[in-house]
Amino acid sequence: ATVNLRALTSWVGIARLFAVVLACLAFSLVASTGDFGGPYGTWCMFTWCFCFIVTLLVLLLELLELYPMLPLSWDDFTSAFSMLAALMVFTSSVVFPSTFISSPCNNNKCARQAVATTASCLCFLAYAVEVSLTRAKPGDISSFLSTVPGLLKVFEAYVACLIFSLLDGYNGEPGLMWCVAVYSICFIFTLLIIIFTIGRCLTYIPCPLEKMLVGYNFLALLMYLTATVVWPLYSFRGQSRPNNCGPNCLWNKRLGVTFLTIFNLIAYLVDLVYSTRMVFV
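Bear in mind that the values here come from a model prediction, so they are computed numbers and not experimental data.

### Re the domain arrangement of the chain
Taken domain by domain, the chain holds domain 1 (1–142) and domain 2 (147–280). The distance between the C-alpha centroids of domain 1 and domain 2 comes to 25 Å. Taken together, the contacts link 18 residues of domain 1 with 12 residues of domain 2. At the boundary of domain 1 with domain 2, total buried surface from both sides reaches about 1,400 Å², with 75% on carbon and sulfur atoms. The tally of links from domain 1 across to domain 2 stands at zero salt bridges. Of all elements in the fold, only α3 (38–63) and α4 (74–100) reach the threshold of two or more residues within the side of domain 1 that touches domain 2. It is α4 that provides the largest number of residues to the side of domain 1 that touches domain 2, a total of nine residues.

### Focus on the packing of aromatic side chains
Two descriptors summarise a pair of aromatic rings, namely the distance from one centre to the other and the angle between the planes of the rings. One pass over the structure, following the stated rule, counts 16 aromatic pairs. Where F50 meets F81, the ring centres are 6.0 Å apart and the plane angle is 70 degrees; that geometry is what we call edge-to-face. Linking F50 in helix α3 with F81 in helix α4, this pair joins segments that are 31 residues apart in sequence. When the centroid spacing of 5.7 Å and the interplanar angle of 45 degrees are considered together, the rings of Y183 and Y224 count as tilted. Residue Y183 is located in helix α7 (residues 174–198), and its partner Y224 is located in helix α8 (residues 209–235); the two are separated by 41 residues in the primary sequence. Under the relative-accessibility criterion, Y224 is labelled buried at 0%. Each residue in the set Y183, F189, Y216, Y224, W231 and Y268 is aromatic and connected to the rest through ring pairs, giving one cluster. If you follow R277 out to its NZ or CZ, it ends over the ring of Y274, 5.8 Å from the centre.

### Things to note about the side chain of D76
Relative to the assigned elements, D76 resides in helix α4. Buried charge D76 goes without a salt bridge, the closest partner of opposite sign being R200 at 6.9 Å. Here F144 takes part through its backbone nitrogen, which lies 3.1 Å from a polar atom of the side chain of D76. Among all residues touching D76, those that are not within four sequence positions of it are S143, F144, L145, S146, T197 and I198.

What counts as what
- Residues numbered from 1 in each chain as written.
- Predicted model: local features only at pLDDT ≥ 70, side-chain atom pairs only at ≥ 80, totals over all residues.
- Heavy atoms only, no water.
- Domains from an automatic or database assignment.
- Contact = heavy atoms within 4.5 Å.
- Buried area = accessible area lost by both parts, 1.4 Å probe.
- Salt bridge = Lys/Arg side-chain N within 4 Å of Asp/Glu carboxyl O.
- Helix = DSSP H or I, 4+ residues; strand = E, 2+ residues; numbered from the N terminus.
- Phe/Tyr/Trp six-rings, centres within 6.5 Å; stacked < 30°, edge-to-face > 60°.
- Buried < 20%, exposed > 50% of the residue type's maximum accessible area, 1.4 Å probe, protein only.
- Lys NZ or Arg CZ within 6 Å of the ring centre and 35° of its normal.
- Lys, Arg positive; Asp, Glu negative; His and termini not counted.
- Polar contact = N/O pair within 3.5 Å; in protein donor to acceptor, adjacent residues only side chain to side chain.

The structure is reproduced here in C-alpha cells:
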C-alpha cells in the first residue's frame, strides 16, 4: 500500500479529521458521566461512536489508497455517509441536551454534558462542510449520490427512519395504515436506489435511470401528499393535547410524524424538480 498524505491535508481530509476528534470527544465526555441510559441516550452514543469509527476507517483507506480494492463506488459511498452522518449528529445534538441537561447547569456532570453537546454541534458542522466540499458541481453526474438528488435520497431515507421510530397506535385505523404503507414503500425504494448506486448495480436496471427517478419521485410526491393530508386528519380527529403529555405521549409522537411527513414531502418535491432538470434541461 502507498501512503497518500493528501487524504489528510486536503480540505475534505481536514474536515474528516475534525469530525473524528469531535465525535470522540462527545462520546468520551458523555461516557465519563455515566448518564446515557434509555433509548435517547443509547441513540446518541451509537451515533457518535458509529460516525467516529466509519470516518476513521474512511481516512485510513484513503491514506493507504486501499479503497479502489473495494467492490463499491467510493465517491458515492463517502458522499452518502457524510450526508447520513451530518443528519445523525444533528439529531443527537438536539436530542441529547433536551433529554439529559437540566436547568440550572451548575455541577461538573452538567458541564461535561454541555461540552459534549458543543462538540456534537461542531461535529455536525464538520460533516456539513464535507458534504459541501464533495457535492457535485452543476453538470457533473459521475457520482450520483454527491448530486442534490442523490443527497436528497439520503435525507428522505433518514427522515423515514425517524418517522418509523415515532409510529405507534395506528392499528385499526385504515387512514393511518395507508400512511404507514406510504412511508414503508417510499423508504424501501429510496434505500434500494442508494444501495444499487453504491454497489454499482445500476447498469442492471433495464430502463434509463434518470427517467425512472423522475417517475418514482413523482409517484412518491403524490403518495406523500396524501399522507400529509390523511395522517393529521385521522390522528387528531376529535382529540386535543392531554395536559400531562410527556416525551412518550402518543399525541406528541403523532405531531412529530406530521412534521416529518411535511419535511419529506418538501424533499421529494425538490428532488423531482432537480431530477427533471437533470433529464430534460
